[in-house]
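Chain and residue survey
Now for the letters of each chain:
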Amino acid sequence: MALRRAAVRVVNLGRIPYGLGLEMQRQHVRQHLDALSQSTGPPPNTLLLCEHPPVYTTGIRQGPYPAQEEWRLKGHGADFFRTDRGGLITFHGPGQLVCYPILHLGCFRKSVRWYVCQLERTVIGLCGKLGIAASTSPDTGVWVGDNKICAIGIHCGRYITSHGLALNCNTEMSWFEHIVPCGIVGKGVTSLSRELKRDVTVAETIQPFLDAFAEEFNCILSLENIRDHKSHPSEKIHV
């Protein structure tokens, strides 16, 4: 008998401050935790899509980033946040598609390693749809040669995921010059626009990204009303 395909709600938040993105993730995670404790059934699995104003973020290994480093980076005009995701420092900014999947892995497969691999496969599939040959490496994320095109850093507690991935579409790449992205020395960063030698916007990237996500996670996606996130009208996405 075929396995039932999980339903996943998609919320496109547009460009929002990073702190608001963190709070929205926490709200969705709390909904899952409340549902587990009350045995009311899981709330909807959700993909939060957004862009952020310029911001540098660190993961749980915060030792290499003392207060002086935070001040230095803020001096370039970006914000700075310390988070509980995996990985080291990275940059988020305009022209970057950020996806925060808030999923209960019990609806898919209870394996964090599998989940990260599926995120990588999703982005590789998207790149393939656009004509870019991308791959994985021993370092987490998605790469085009020795240049990272998509950073991945997640948190998972009680099989509920948060944080996620950041795909460079037409990001201003000079922001990465102020850090060692993800702490990986000797490798660079790239974007869809740089690889395709044309301007590739976040808006252009969303639908093929969702197509690839639906394929890799074998799920059914529905788009929630962007204007009123607290209400639940939705329309189907063609995937």
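Model, not experiment: these values are computed from the prediction. (Residues numbered from 1 in each chain as written. Predicted model: local features only at pLDDT ≥ 70, side-chain atom pairs only at ≥ 80, totals over all residues. Heavy atoms only, no water.)

Observations concerning the overall build of the protein chain
Applied cut-off: Numbered from the N terminus, helices here are DSSP runs of H or I no shorter than four residues, and strands are runs of E no shorter than two. Within these notes, the globule rule equals 2.2 Å times the number of residues to the 0.38 power, and the radius of gyration is based on C-alpha atoms. Type-normalised accessible area, obtained with a 1.4 Å probe on protein chains alone, sets the label of each residue: buried when under 20%, exposed when over 50%, and partly exposed for intermediate values. The contact criterion used throughout is that any non-hydrogen atoms of two residues lie within 4.5 Å.
A count of helical and extended segments in the protein chain gives five helices and 12 strands. Relative to the 2.2 N^0.38 estimate, which gives 18 Å for 239 residues, the radius of gyration of the protein chain is 17 Å and therefore close to what a compact globule would have. Reported as C-alpha extents along the three principal axes, the dimensions of the protein chain are approximately 50 × 40 × 35 Å. Counting the 239 residues in the protein chain, one finds 50% classified as buried. Partitioning the intrachain contacts of the protein chain with sequence separation of at least 6 by distance along the chain shows that 73% fall at a separation of at least 24.

Concerning the pattern of salt bridges
Our working definition: Within this document, salt bridges are pairs made up of a side-chain nitrogen of Lys or Arg and a carboxyl oxygen of Asp or Glu, the two lying within 4 Å of each other.
A complete count under the given rule lists 11 salt bridges for this structure. In this structure, Glu51 engages Arg15 in a salt bridge whose closest nitrogen and oxygen atoms are separated by 3.4 Å. Note that Glu51 is positioned in strand 2 (residues 45-51) and Arg15 in strand 1 (residues 6-15), a separation of 36 residues in sequence. On the basis of relative accessibility, which here comes to 52%, the residue Arg15 falls in the exposed class. Ionic pairing is found between Arg30 and Glu23, a salt bridge with its closest N-O pair at 3.2 Å.

What to know about the confidence of the model for the protein chain
Residues shown with low pLDDT carry predicted positions that ought not to be read at fine detail. Rules: Every residue gets a pLDDT, meaning the predictor's confidence in that residue, from 0 to 100.
Looking at the protein chain as a whole, its pLDDT mean stands at 91, while 92% of the residues score no less than 70. Below a pLDDT of 50 lies the segment residues 227-239, which in the model reaches 30 contacts outside its immediate sequence neighbourhood of four places, other chains included.

Examining the environment of Thr140
Relative to the elements of secondary structure, Thr140 occurs in the loop between helix 3 (112-130) and strand 7 (142-144). Taking C-alpha positions, Thr140 is 27 Å from Gln68, a pair spaced 72 residues apart along the chain. Excluding residues within four positions of it along the chain, Thr140 makes contact with Val116, Glu120, Lys148 and Ile152.

Considering unusual backbone geometry
A negative phi angle is the norm for most residues apart from glycine, just as the trans form is the norm for most peptide bonds. Positive phi, close to 55 degrees, is recorded for His163, a residue that is not glycine. Tracing the backbone shows His163 in strand 9 (residues 160-168). Residue His163 is classed as buried on the basis of its relative accessible area of 5%.

Some words on the pairing of strand 6 (residues 96-102)
Here is the rule: In this description, strands pair whenever DSSP reports at least two bridges between them.
Within strand 6, seven of the seven residues are buried, which leaves the element mostly enclosed by the surrounding structure. Neither face of strand 6 is open: one carries Gln96, Val98, Tyr100 and Ile102, the other Leu97, Cys99 and Pro101, and all of them are buried. In terms of strand pairing, strand 2 meets strand 6 through five bridges, oriented antiparallel. Residue Leu48 lies in a different strand from strand 6, and its bridge partner there is Tyr100. Judged from the four bridges that link them, strand 6 and strand 9 form a sheet pairing that is antiparallel. From the neighbouring strand, Gln96 faces strand 9, where its bridge partner is Asn168.

Considerations on the sheet that holds strand 3 (residues 55-58)
To keep things clear, this is the line we draw: In this description, a line fitted to the C-alpha atoms serves as the axis of each element, helices being fitted only across the stretch in contact, and the angle between N-to-C directions of two axes falls anywhere from 0 to 180 degrees.
Read across the sheet, three strands follow the order 4-3-5 without closing on themselves; strand pairing throughout is mixed. Edge positions in the sheet fall to strand 4 (79-82) and strand 5 (90-92), since each has one partner strand and no second. Between one strand axis and the next, the sheet turns by 25 degrees as a mean value, whatever way the strands run. Alignment of strand 3 against strand 5, held across three bridges, turns out to be antiparallel. Of the residues in strand 5, the one forming a bridge with Val55 is His92. Contacts from helix 1 (residues 18-38) reach strand 3, strand 4 and strand 5, with the element oriented near 30 degrees to strand 4.

What about the packing of aromatic side chains?
Using the following cut-off: Only centres within 6.5 Å qualify two rings of Phe, Tyr or Trp (six-membered ring in Trp) as a pair; their planes then separate them into stacked at under 30 degrees, edge-to-face at over 60, and tilted for everything else. Charge-over-ring contacts are defined here by two conditions on Lys NZ or Arg CZ: a distance within 6 Å of the ring centre and an angle within 35 degrees of the ring normal.
Applying the stated rule across the entire model yields 10 aromatic pairs. Centroid distance Phe213 to Phe217: 4.2 Å. Interplanar angle 15 degrees. Geometry classified as stacked. Taken together, the residues span about one helical turn, with Phe213 and Phe217 both in helix 5 (residues 202-217) at a distance of four residues. A single burial state applies to Phe213 and to Phe217, both of which are buried. Each residue in the set Phe108, Trp114, Tyr115, Phe209, Phe213 and Phe217 is aromatic and connected to the rest through ring pairs, giving one cluster. Stacked on the ring of Trp143, the Lys or Arg Lys187 has its end atom at 4.8 Å from the ring centre.

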